[in-house]
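Results of the structural survey
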Amino acid sequence: MPPLKEGETQSHLVWDGTLSKGQKEASLAVIEAVRSHSEFLCWAVCGAGKTEVLFAGIDEALKRKQRVCVATPRTDVVLELAPRFQKVFPRIQVAALYGGSEDRHLFAPLTISTTHQLYRFAQAFDVVIVDEVDAFPFSYDQSLQAAVQKAAKPQSARIFLTATPSEKWQRECKYGKRNHIKIPARYHRHPLPIPIFKWCGNWPKSFAKGKIPSIVKKWVQTRLDQNKQALVFLPDIHLMEKALPLFQQLDPRIDSVHAEDPDRKQKVEKMRNRETPLLLTTTILERGVTFPNIDVAVLGAEDDIFTEAALVQISGRVGRSADFPKGNITFFHYGRTKAMIRALTHIDQMNQEARKKGLIDS
């Protein structure tokens, strides 16, 4: 790092990790965005280590006595990120803001917040970082997007992070109209797991008859036998509630979770503690939450809820840990969709780009 400038203080960052080549480039770009008060997109595959990419840039802002906000659309992600940032910035107060949070009146140098909480701020932050910028509801809600702009000071850095930019942003990146850096590989230098397509017949009809499609049942039983944790994504809550007792016949510890679930935090924690062998979920767990060694299935992958971005993010739950860089991601379907094929192509192209750049080893 260059020498301190007048008015700057010593580093607040306490972290002895190392960055990959792709992460280093993105980290330097974040620092430059902070220094120049500019806008910047970090387009990084799921599991690339986007959080670590932010450390040096946030430290740069804190040294300048600036206020930083890291905003994300979902409470689960705030709950995961806040302790991580507190650990690497132990001498700085870190506020975690979400509905019902106890920190809502804290004036902290570093704030981790849901995007909804930004309605409460006006010209409050020198650096605003939006994680998962393409995620619902932020990507669909113009008032939320306006809240992010309002929360930033007139002269501020605005940094966006995602693995799945909108088509519009992808075009702008391609034609040089958006300042960005792409990280096409994970920090552990293993390729992204490629989804496997498996036809499972008329699965809603099977559930209506009180049966799990046999090919799905076999997939689940194999994971239970191997003591391998798994997530199974379903299109909606109603179907999930119908399916849960059928899955529990295979193992009573199997559970389900969705956005309105009052026990959502506890269920995710039980999964993290390996108390739950398999968790049925809606798209609420498609991003932001990491379990180190899991396989993933999408049941009803042809449903409209499973867009290209959603399927890429869901696939990104697998193989994130350096200790367990491989895993199985299966799309069970009753007919292939363009979104399924585009998701597979998207993942495959990232792997190809990473190989060309020498960012993966196989």
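If you're wondering where the values come from, they're calculated on a predicted model, not measured in any experiment.

This part is about the overall build of the protein. Counting its regular elements, the protein contains eleven helices and 13 strands. Its C-alpha atoms give the protein a radius of gyration of 21 Å, within 12% of the compact-globule value 21 Å for 362 residues. Along the first, second and third principal axes, the C-alpha set of the protein runs to 70 × 45 × 35 Å. Taking all 362 residues of the protein together, 57% fall into the buried category. Carbon and sulfur atoms provide 51% of the accessible area of the protein, an area that totals close to 16,500 Å². Mean positive and mean negative side-chain charge positions of the protein (52 and 40 charges, respectively) differ by 4 Å.

This structure, assessed with the given rule, holds 23 salt bridges. For Asp251, the salt bridge identified is with Arg253, shortest N-O distance 2.9 Å. Notably, a salt bridge pairs Glu286 with Arg287, separated by 3.0 Å at the nearest N-O pair. Summarising the burial analysis for this pair, Glu286 and Arg287 share the class buried. Residues participating in the shared-partner salt-bridge network are Glu39, Arg158, Lys168, Glu172 and Arg178.

The full count for this structure, using the stated rule, is ten aromatic pairs. Relative to Phe125, the ring of Phe121 lies with its centre 5.1 Å away and its plane at 55°, an arrangement referred to as tilted. A residue is classified by how much of its surface remains accessible, and Phe121, at 12% relative accessible area, is buried. Pairing Trp219 with Phe332 gives two aromatic rings, centres 6.2 Å apart and planes at 90°, and the pair type is edge-to-face.

A few words now on unusual backbone geometry. The backbone of Lys65 sits at a positive phi, close to 60°, despite the residue not being glycine. Within the secondary structure, Lys65 sits in the loop between helix 2 (50-63) and strand 2 (68-72). Taking relative accessible area as the criterion, Lys65 reaches 64% and is therefore assigned exposed.

Attention now moves to the nonpolar core. Within soluble globular proteins, side chains that are nonpolar generally end up buried alongside one another. One finds Ile58, Phe85 and Leu110 to be the most contacted residues of the largest nonpolar core, which totals 87 residues. Those residues within four positions of Ile58 in sequence are excluded, and the remaining contacts are Val68, Val70, Phe85, Phe89, Leu110 and Ile129. Counting residues in each nonpolar core, the second largest holds 24 residues, with Cys200, Leu224, Phe247 and Leu278 among its members.

This paragraph deals with helix 11 (residues 338-356). With 19 residues, helix 11 should reach 27 Å at 1.5 Å per residue; the first-to-last C-alpha distance of 27 Å fits that figure. Where helix 11 is buried, its residues meet strand 1 (39-44), helix 5 (167-174), strand 7 (180-183), strand 8 (196-199), helix 10 (308-315) and strand 13 (329-333). In the segment just after helix 11, Gly358 is the residue with positive phi, at about 70°.

Further remarks concern the pairing of strand 11 (residues 278-281). Burial of the side chains of strand 11 extends over both faces: Leu278 and Leu280 are buried on one face and Leu279 and Thr281 on the other. Pairing analysis gives four bridges linking strand 9 (residues 229-233) to strand 11, with the strands arranged parallel. Its bridge partner being in strand 11, Phe233 is matched across the sheet by Thr281. One ladder, built from three bridges, connects strand 10 (residues 255-257) with strand 11; its direction is parallel. Its bridge partner lying in strand 11, Asp255 is registered against Leu279. For the segment spanning strand 10, helix 9 (residues 264-272) and strand 11, crossover handedness is right-handed.

Note on sheets: strands pair through backbone hydrogen bonds, and any given pair is parallel or antiparallel. With parallel pairing, six strands are arranged side by side in an open sheet as 8-13-12-9-11-10. Both outer strands of the open sheet, strand 8 and strand 10, are each paired with one neighbouring strand and no more. Taken pair by pair, the neighbouring strands of this sheet meet at an average axis angle of 25°, ignoring direction. As defined by bridge partners, strand 8 adjoins strand 13 across four bridges and the pair is classed as parallel. Opposite Lys198, over in strand 13, you have Phe332 as the bridge partner. Against the sheet, helix 8 (residues 237-248) makes contact with strand 10, strand 11 and strand 12 (294-299), and its axis sits at roughly 165° relative to strand 11, the strand it touches most. Against the sheet, helix 10 contacts strand 9, strand 12 and strand 13, and its axis sits at roughly 140° relative to strand 13.

What counts as what
The residue numbers shown here count from 1 along each chain, following its written sequence. In keeping with the predicted nature of the model, local features appear solely for residues at pLDDT of at least 70, side-chain atom pairs appear and are counted solely at 80 or more, and the whole-chain, interface and lining totals rest on all residues. Values shown for side chains rest on all heavy atoms present in the structure; no hydrogens or waters enter the calculation. Numbering of helices and strands starts at the N terminus; helices are DSSP runs of H or I of at least 4 residues and strands are runs of E of at least 2. For a compact globule the rule gives 2.2 Å times the number of residues to the power 0.38, and the radius of gyration it is set against comes from C-alpha atoms. When a residue's accessible area, from a 1.4 Å probe over protein chains only, is under 20% of the maximum for its type it is buried; when over 50% it is exposed; and in between it is partly exposed. Using the Shrake-Rupley algorithm and a 1.4 Å probe, accessible areas are obtained, with residue cover drawn only from the displayed protein chains. When charges are counted, neither His nor the chain ends are considered; positive counts come from Lys and Arg and negative counts from Asp and Glu. Charge positions are represented by NZ for Lys, CZ for Arg, CG for Asp and CD for Glu. Basic side-chain nitrogens of Lys or Arg form a salt bridge, by our definition, when they fall within 4 Å of a carboxyl oxygen of Asp or Glu. Whether two aromatic rings pair depends on their centres lying within 6.5 Å, for rings of Phe, Tyr and Trp, where Trp uses its six-membered ring; planes under 30 degrees apart make the pair stacked, over 60 edge-to-face, and the rest tilted. Definition used in this section: a nonpolar core is a set of buried Ala, Val, Leu, Ile, Met, Phe, Trp, Tyr and Cys residues joined via side-chain atoms within 4.5 Å. In what follows, a contact means two residues having at least one pair of non-hydrogen atoms within 4.5 Å. What a helix is expected to span follows from its residue count: subtract one and scale by 1.5 Å. Pairing between strands requires that DSSP locate at least two bridges from one strand to the other. Whether a crossover is right-handed comes down to one check: with the strands pointing away from the viewer, does the path from the first strand over the helix to the second run clockwise; if it does, it is right-handed. Working convention: axes come from line fits to C-alpha atoms, limited for helices to the stretch in contact. Angles between N-to-C directions cover 0 to 180 degrees.

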